[in-house]
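Each chain is listed here by its residues.
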Amino acid sequence: MAGRVAHAPAARVGTVREAERDARFRAFVVAYRERAWRLAWRLVGGDAAAAEDVAQEAFVKAYRALDRFREEASLATWFYRILVRQAQSYWRWQAVRAAWRRQDQQPAAPQGPGDPLLRRRIATALGRLSPSQRTAFVLVHLEGFSVREAAQVMAKPEGTVKSHLHRALRLLRQELADLADDTGGQAP
Amino acid sequence: MNAPQDDRLQPAEQAFVGRLARHFAPPPLSAARRAAFDAAVWARLQRRRRRRRLLPAGAAAAAALLWLLFSGHPGERLPPAETRSDAMPLLQAVLEDALAEEESAVLPAEYRVLAQVFLDRPWTEAQP
């Protein structure tokens, strides 16, 4: 009995700590939710359900690291790294599924504003890049990360990220040549 | 951080990248979807917590099962040392898994008791 009484304050401290952690986590989700969703959507090729799954799982993993990262910037970099890995894991599973899928079955078209056919073409072209090229291109050119930030998220040297960006851009301009001209694929 | 920051791009490349960014963007999350998203994150977190709470019970049950299998009925002699040693790697794995999952440097009391019984490790008080 004495032991239980002696442990009660420690249990209260634990509860308070967990409540503080939950509050910090809630604020983190609110602050990063929108961007995480958009980044995940672009990384997984416009599949809304997969994007939610990837982003939510990344947040859950970030929760466990809250105590390790006191600075929000470090936590954010780490969080995006987890999110990118989740997305790459999704792509690996997609490759397995694609191998089993019948030829005439097409994946669902990415949903969003604008031209759905163009969106699908962009998703297909991004899907043909290597995972590292796709990740670098989405982070830097579509999501506005600096090369240095992308290198931190991808845990690769900046030179490697620049090389991925260069190749990705060249391949995408070949694949989407009509978008690469000055008219942007629109008839004059 | 939303505008492309690689200033080495040529104007034509910048225009191309801008078109991709414009045409390949998700719909913004509505208030309802934001709420659903948050709820889903918390539901995942709660599931994870429940699993982590159940894990020690699972480890204890596995250890108890091993105890029954390898200790014999009360009054009987223990199996030979080599038979008991067959169970050790399995039990060790169970304990190590539980320890890794708990992310704790100190074994809880019940694990320490089990470790003492099965691994013949001396009882030590928890470090402060």
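Every value quoted in this text rests on a predicted model; they were computed, and no experiment measured them.

1. Overview of the overall build of chain A
Piece 1. In terms of regular secondary structure, chain A is built from eight helices and zero strands.
Piece 2. For chain A, the N- to C-terminal ordering of α and β elements is α-α-α-α-α-α-α-α.
Piece 3. A sequence separation of at least 24 residues applies to 61% of the contacts in chain A between residues at least 6 apart.
Piece 4. Only carbon and sulfur atoms are counted for the fraction: they give 54% of the accessible area of chain A, which is about 10100 Å².

2. Notes on the overall build of chain B
Piece 1. The number of helices and strands found in chain B is four helices and zero strands.
Piece 2. Counting from the amino terminus, helix and strand elements in chain B follow one another as α-α-α-α.
Piece 3. Expressed as a percentage of its 128 residues, the buried residues of chain B come to 28%.
Piece 4. In chain B, once contacts between residues fewer than 6 apart in sequence are set aside, the share between residues at least 24 apart is 55%.

3. A closer look at a positive patch on the surface
All names here are of chain B.
Piece 1. Taken together, Arg47, Arg50, Arg51 and Arg53 make up a surface patch of like positive charges.
Piece 2. The residue arginine 50 is located in helix α2 (residues 31-71) in this model.
Piece 3. Using a relative accessible area of 48% as the deciding quantity, one classes arginine 50 as partly exposed.

4. Section: the nonpolar core
Piece 1. Formed by 70 residues in total, the largest nonpolar core has its most connected members in Phe25(A), Phe59(A), Phe79(A), Leu83(A), Phe137(A), Leu172(A) and Leu20(B).
Piece 2. Two domains each donate at least three residues to this core, and these are domain 1 (1-108) and domain 2 (109-188) of chain A.

5. Side note on the interface of chain B and chain A
Piece 1. Taken residue by residue, the interface counts 36 residues in chain B and 53 residues in chain A.
Piece 2. Interface of chain B and chain A: buried area, both sides summed, is about 4300 Å²; carbon and sulfur atoms make up 61% of it.
Piece 3. Counting across the interface, chain B meets chain A through eight salt bridges.
Piece 4. Of the charged contacts in the structure, one is a salt bridge between Asp53(A) and Arg44(B), with a shortest N-O distance of 2.4 Å.
Piece 5. There are 13 residue pairs in polar contact (both at pLDDT 80 or more) connecting chain B and chain A.
Piece 6. Secondary-structure elements contributing two or more residues to the side of chain B that touches chain A are α1 (11-23) and α2 of chain B.
Piece 7. For the side of chain B that touches chain A, the class distribution of residues is 20 nonpolar, three polar and 13 charged.

6. Points about the pattern of salt bridges
Residues and elements named next belong to chain A.
Piece 1. Tallying each qualifying case throughout the model produces 14 salt bridges over all chains.
Piece 2. The salt bridge involving glutamate 143 is made with arginine 42; its shortest N-O contact spans 2.8 Å. Here glutamate 143, found in the loop between α5 (131-142) and α6 (147-154), pairs with arginine 42, found in helix α1 (residues 2-43); they are 101 residues apart in sequence, far enough to count as distant. Pair check on accessibility: glutamate 143 and arginine 42 agree, each one buried.
Piece 3. When salt bridges with common partners are traced through the structure, they connect Arg35, Arg38, Arg42 and Glu143 into a single cluster.

7. Overview of the confidence of the model for chain B
Residue and element names in this part refer to chain B.
Piece 1. Predicted confidence across chain B gives a mean pLDDT of 68, with 47% of residues reaching 70 or more.
Piece 2. A low-confidence stretch, residues 1-6 stays under pLDDT 50, and its non-local contacts, those more than four residues away or across chains, total 20 contacts.
Piece 3. Segment residues 123-128 is flagged for pLDDT under 50; beyond a separation of four residues in sequence, or across chains, it makes eight contacts in the model.

8. Section: α5(A)
Piece 1. In this model, α5(A) (twelve residues) spans 15 Å end to end at C-alpha, consistent with the 16 Å of a helix rising 1.5 Å per residue.
Piece 2. For α5(A), the set of buried residues is Ser132(A), Gln133(A), Arg134(A), Thr135(A), Ala136(A), Phe137(A), Val138(A), Leu139(A), Val140(A), His141(A) and Leu142(A).

Scoring rules and cut-offs
- Residues numbered from 1 in each chain as written.
- Chains lettered and ligands numbered in written order.
- Predicted model: local features only at pLDDT ≥ 70, side-chain atom pairs only at ≥ 80, totals over all residues.
- Heavy atoms only, no water.
- Helix = DSSP H or I, 4+ residues; strand = E, 2+ residues; numbered from the N terminus.
- Contact = heavy atoms within 4.5 Å.
- Areas by Shrake-Rupley, 256 points an atom, 1.4 Å probe, with all protein chains shown as cover.
- Buried < 20%, exposed > 50% of the residue type's maximum accessible area, 1.4 Å probe, protein only.
- Patch = residues over 30% accessible without salt bridge, like charges linked within 9 Å, V, L, I, M, F, W, Y side chains within 5 Å.
- Salt bridge = Lys/Arg side-chain N within 4 Å of Asp/Glu carboxyl O.
- Lys, Arg positive; Asp, Glu negative; His and termini not counted.
- Charge placed at Lys NZ, Arg CZ, Asp CG, Glu CD.
- Core = buried A, V, L, I, M, F, W, Y, C linked by side-chain atoms within 4.5 Å.
- Domains from an automatic or database assignment.
- Buried area = accessible area lost by both parts, 1.4 Å probe.
- Polar contact = N/O pair within 3.5 Å; in protein donor to acceptor, adjacent residues only side chain to side chain.
- Nonpolar A, V, L, I, M, F, W, Y, C, P; charged D, E, K, R; others polar.
- pLDDT = per-residue confidence, 0-100.
- Expected span 1.5 Å × (residues − 1).

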